[in-house]
Number of protein chains: 2
Amino acid sequence: MKILLTNDDGVQGLGMLKLAEYLKGKYDVTVVAPEKERSAISHAITLHKPLRLKKIKEEQNLKIFAVNGTPSDCIKLGVEVVLGRKPDMVVSGINNGLNLGTDILYSGTVSAAIEASLYGIPAIAVSLSETADIEDKRIYKFLESLIEIILKKGLPKDILLNVNIPDFQEGVKGIKATKLGKRIYIETFQKNYDPRGKEYYWMAGKISKIEEDEGTDIVSVKEGYISITPIHFDLTQYDMIKDLDSWSIKIE
Amino acid sequence: MKILLTNDDGVQGLGMLKLAEYLKGKYDVTVVAPEKERSAISHAITLHKPLRLKKIKEEQNLKIFAVNGTPSDCIKLGVEVVLGRKPDMVVSGINNGLNLGTDILYSGTVSAAIEASLYGIPAIAVSLSETADIEDKRIYKFLESLIEIILKKGLPKDILLNVNIPDFQEGVKGIKATKLGKRIYIETFQKNYDPRGKEYYWMAGKISKIEEDEGTDIVSVKEGYISITPIHFDLTQYDMIKDLDSWSIKIE
C-alpha cells in the first residue's frame, strides 16, 4: 500500500516526519512537502513559476521530497510526477496546531487533503494541539487504526476527514464524529512603524466569539476528545437556486 | 451606500477599475486590491509578515488602495483599517477569466467574497470571459441591477453569489441560476531544464473531462448565459457523521 504524506509546516515538520517514520514499518511512504512553512496558504497553487522537486531522503519504504510550492502543489506533483499514479491514501499532517471550524478555509493542511480528494484519493487531514506531546504513542496508534480502516473500507466519493487531536495530558476521553464549529475573529491588525518610519499592519487575529454548540469540532477537542469531521467541497448552496430564478435582474 | 471592491488580478486590473468608475456615480466606492496579480491564491492570508497599505487614488466617491497581500487580506484590511466598518456590500472582480465549477476552490476572487461573507457582508464574485469585450455596456448594466437588488433585499446569512459572464459576441441569452459543475484536470506538468541544466516542472493544467450536466455554471456560460451560483462555505458533510460513529477506531 502506498501512502503519500504532505503538510503545510514544511518538509522539516516534526509531526509529519514522526508519522512517516511510524508508517514506513507497514506501508510504502512517500513524503512530498513544501520546502518551507506555508501555513494559512489555503488551496493556493503555483501557475506562474516553475516548481522544483528536491529529493532529501531515500531509504526502504520512505522517500522524502521538498517542493518550492504549496501543499496543494505537493499533492499534484506527488501524484503526477513522483509516484506517477494515485497512492492508496493521502495523509496531510500531522499539523503543528489545530485546524478547527471555519478556520479550515485558510488551512493548507486541509486544502491538501481536499486536493487529494479531487483526484479521487481517500484522504485525511491531521492536526495536533500545539501543547500536546508529539512523542505520545497514542497519537500514532490511533492514526494507524484510522488509516487501516480507511484503506480497507475506503471513503465515500468527494468526502475527506478532518482530524484534530487534543492535548492528552489528562487522558484520552475518546473519539467524536463532529461538525465544523464557528470561531469569529476580530483581526485587530497591529499598526506599527518600521525603522524608516513607514507604517505597517500585522494581522493579530483575536478570537472574539466561539459558538459553544455541542457536537462541533471546537467543543469536542476542548473537552478532550479526538474530533473527526467529514468534509465535502461542493460549495453550491442548492436551496437558493430556485429563489434566484425569481429575481428580476436586468441586462439591457 | 459604501461598496468595497477587490480582485486577484491586482490593483491595475482593468475589469475592477472599470467597474469602480461605473459604480462611483451611484455609490461610495473603495478599492483595496493586491499590488500585484495573485490568481490561484485561494483563501490564503498573510500572518507572518507585515502588510503595507498604499493609497493610489482619492477623488469624489472613489478611493483606491494597494496592499502587498492576498485578496482575503484586502477584505480584512479594507473592512477593519481602511473603512473601519463593514461596507454595505463587497464585490470581488471583475476577474479577467471565468471562475467555474470546482476551480473556484483555487480562486482568489471567490475566496475574497467568501471572506466578506464570513464578516456578514453581502458579497458577490464576478468573473468575465477572457475573450469578452470589457467595454460592453451590458456587463455594467447587469451588475448595476444585481447590486441594486442585493443592496435592497440583502443575501441570506453565509451565502454569497458567484457570477460568471460569458462573451456576448452573439447576444446575451439571459441569466441562469446554476450549480457548480466539475472540470477534471490532468495537470500534465511540463518538465524542462533551466539554463543551468537543472530540471523544473511547470503546471500546465489540461482539462481532461467536463461534466456536461444541464444546470451547471460551466454549461450555462458555454451556452451564452450569465451564470449566478449561490455559494456556501460550510464544509461539513453532515450525512457521514452518524456513519463515522459506528467505526471501531482504536486509541490505545
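The numbering scheme is per chain: residues are counted from 1 as the chain's sequence reads. The lettering of chains begins at A and the numbering of ligands begins at 1, in the order of writing. Residue-level local features of this predicted model are given only where pLDDT is at least 70; pairs of side-chain atoms are given and counted only at 80 or more, and the full residue set underlies all totals for whole chains, interfaces and linings.

**Some details on the overall build of chain A**
1) Next: Across its full length, chain A holds 6 helices and 13 strands.
2) Next: Relative to its length of 252 residues, chain A is compact, with a C-alpha radius of gyration of 20 Å against a globular reference of 18 Å.
3) Next: Throughout, a residue-residue contact means that the two C-beta atoms, derived from backbone geometry, are no farther apart than 7 Å. Taking all contacts inside chain A whose residues are at least 6 apart in sequence as the whole, residues at least 24 apart take part in 76%. Secondary structure follows DSSP: runs of H or I at least 4 residues long count as helices, runs of E at least 2 residues long count as strands, and numbering of each begins at the N terminus. Every radius of gyration here is taken over C-alpha atoms, with the globule rule written as 2.2 Å times N^0.38, N being the number of residues.

**Focus on the relation of the copies chain A and chain B**
Related by rotation about an axis and a shift along that axis, the two copies of the chain form a pair.
1) Next: Overlay of chain A on chain B (RMSD 0.0 Å): rotation 180°, translation along the axis 0.0 Å. Expressed as an axis order, the relation between the two copies is that of a two-fold axis. Of every C-alpha in chain A, the one belonging to Ser42(A) sits nearest the axis of rotation, 3.1 Å from it.
2) Next: A shared binding surface is used by both copies, with 100% of the interface residues of chain A retained as interface residues in chain B. Superposing copies: least-squares fit, C-alpha atoms only, residues required to have pLDDT of at least 70 in both.

**Structural notes on the interface of chain A and chain B**
1) Next: The partner chain B presents 62 residues to the 62 residues of chain A that form the contact.
2) Next: Listing elements by their share of the side of chain A that touches chain B, those giving two or more residues are helix H2 (71-83), helix H3 (108-118), helix H4 (137-153), strand E8 (174-177), strand E11 (199-202), strand E13 (225-231) and helix H6 (239-245) of chain A.
3) Next: Here the element with the most residues in the side of chain A that touches chain B is H4(A); it accounts for 6 residues.
4) Next: Note on residue classes: Ala, Val, Leu, Ile, Met, Phe, Trp, Tyr, Cys and Pro are nonpolar, Asp, Glu, Lys and Arg are charged, and everything else, Gly too, is polar. Split into classes, the residues belonging to the side of chain A that touches chain B amount to 41 nonpolar, 10 polar and 11 charged.

**Let's talk about helix H1 (residues 14-23) of chain B**
1) Next: The complete set of buried residues in H1(B) reads Gly15(B), Met16(B), Leu17(B), Leu19(B), Ala20(B) and Leu23(B).
2) Next: In the core, the buried residues of H1(B) are packed alongside strand E1 (2-6), strand E2 (28-34), strand E4 (62-67), strand E5 (89-96), strand E6 (123-128) and helix H4 (137-153) of chain B. Counting other C-beta atoms within 10 Å of its own, a residue is labelled buried from 20 upward, exposed at 12 or fewer, and partly exposed in the gap between, with every C-beta atom placed from the backbone.

**Looking at the pairing of E6(B)**
Residues and elements named next belong to chain B.
1) Next: Burial within E6 is extensive, with 6 of its 6 residues counted as buried.
2) Next: Of the two faces of E6, both are covered, the one formed by Ala123, Ala125 and Ser127 as well as the one formed by Ile124, Val126 and Leu128.
3) Next: Any two strands with at least two DSSP bridges between them are considered paired. As paired strands, E5 and E6 are joined by 5 bridges and run parallel to one another. Bridged to serine 92 within E6 is alanine 125.
4) Next: Throughout, right-handed denotes a crossover for which the path from the first strand over the helix to the second runs clockwise when the strands point away from the viewer. In this fold, E5 hands off to helix H3 (residues 108-118), which returns the chain to E6; that crossover is right-handed.
5) Next: Taken together, the 5 bridges between E6 and strand E7 (residues 160-165) define a ladder with parallel strand orientation. The partner of valine 126 across the bridge, within E7, is valine 163.
6) Next: Each parallel crossover has a hand, and the one from E6 via H4 to E7 is left-handed.

**Remarks on H4(B)**
All names here are of chain B.
1) Next: Take the number of residues in a helix, subtract one, and multiply by 1.5 Å to get its expected span. Between the first and last C-alpha of H4 there are 25 Å, a value that for 17 residues agrees with the 24 Å anticipated at 1.5 Å per step.
2) Next: All of the buried residues along H4 are Ile139, Phe142, Leu143, Leu146, Ile147 and Ile150. Summarising the axial view, the buried residues of H4 lie within an arc of 130°, below the 170-degree limit, and thus occupy one face. Projecting away from the buried face of H4 at angles above 90 degrees are the exposed residues Lys137 and Lys152.
3) Next: At its buried positions, H4 is contacted by H1, E5, E6, E7 and strand E13 (226-231).
4) Next: Count one or two residues on from H4 and you reach glycine 154, which has phi positive near 75°. Throughout, the arc means that of the directions going from the helix axis to the C-beta atoms.

**As for the sheet that holds E13(B)**
Residues and elements named next belong to chain B.
1) Next: In spatial order, the strands read E3-E4-E2-E1-E5-E6-E7-E13-E8; together these 9 strands make up an open sheet with mixed pairing. Edge positions in the open sheet fall to strand E3 (53-59) and strand E8 (175-177), since each of these has one partner strand only. Within the sheet, the average angular offset between the axes of one strand and its neighbour, ignoring direction, is 20°.
2) Next: Here helix H2 (residues 71-83) sits on the sheet and contacts E1, E2, E3, E4 and E5; the angle it forms with E2, its principal contact strand, is near 135°. Helix axes are fitted to C-alpha atoms over the stretch in contact, other axes to C-alpha atoms as well, and angles between N-to-C directions run from 0 to 180 degrees.

Function cannot be read off these values alone, since they describe shape.
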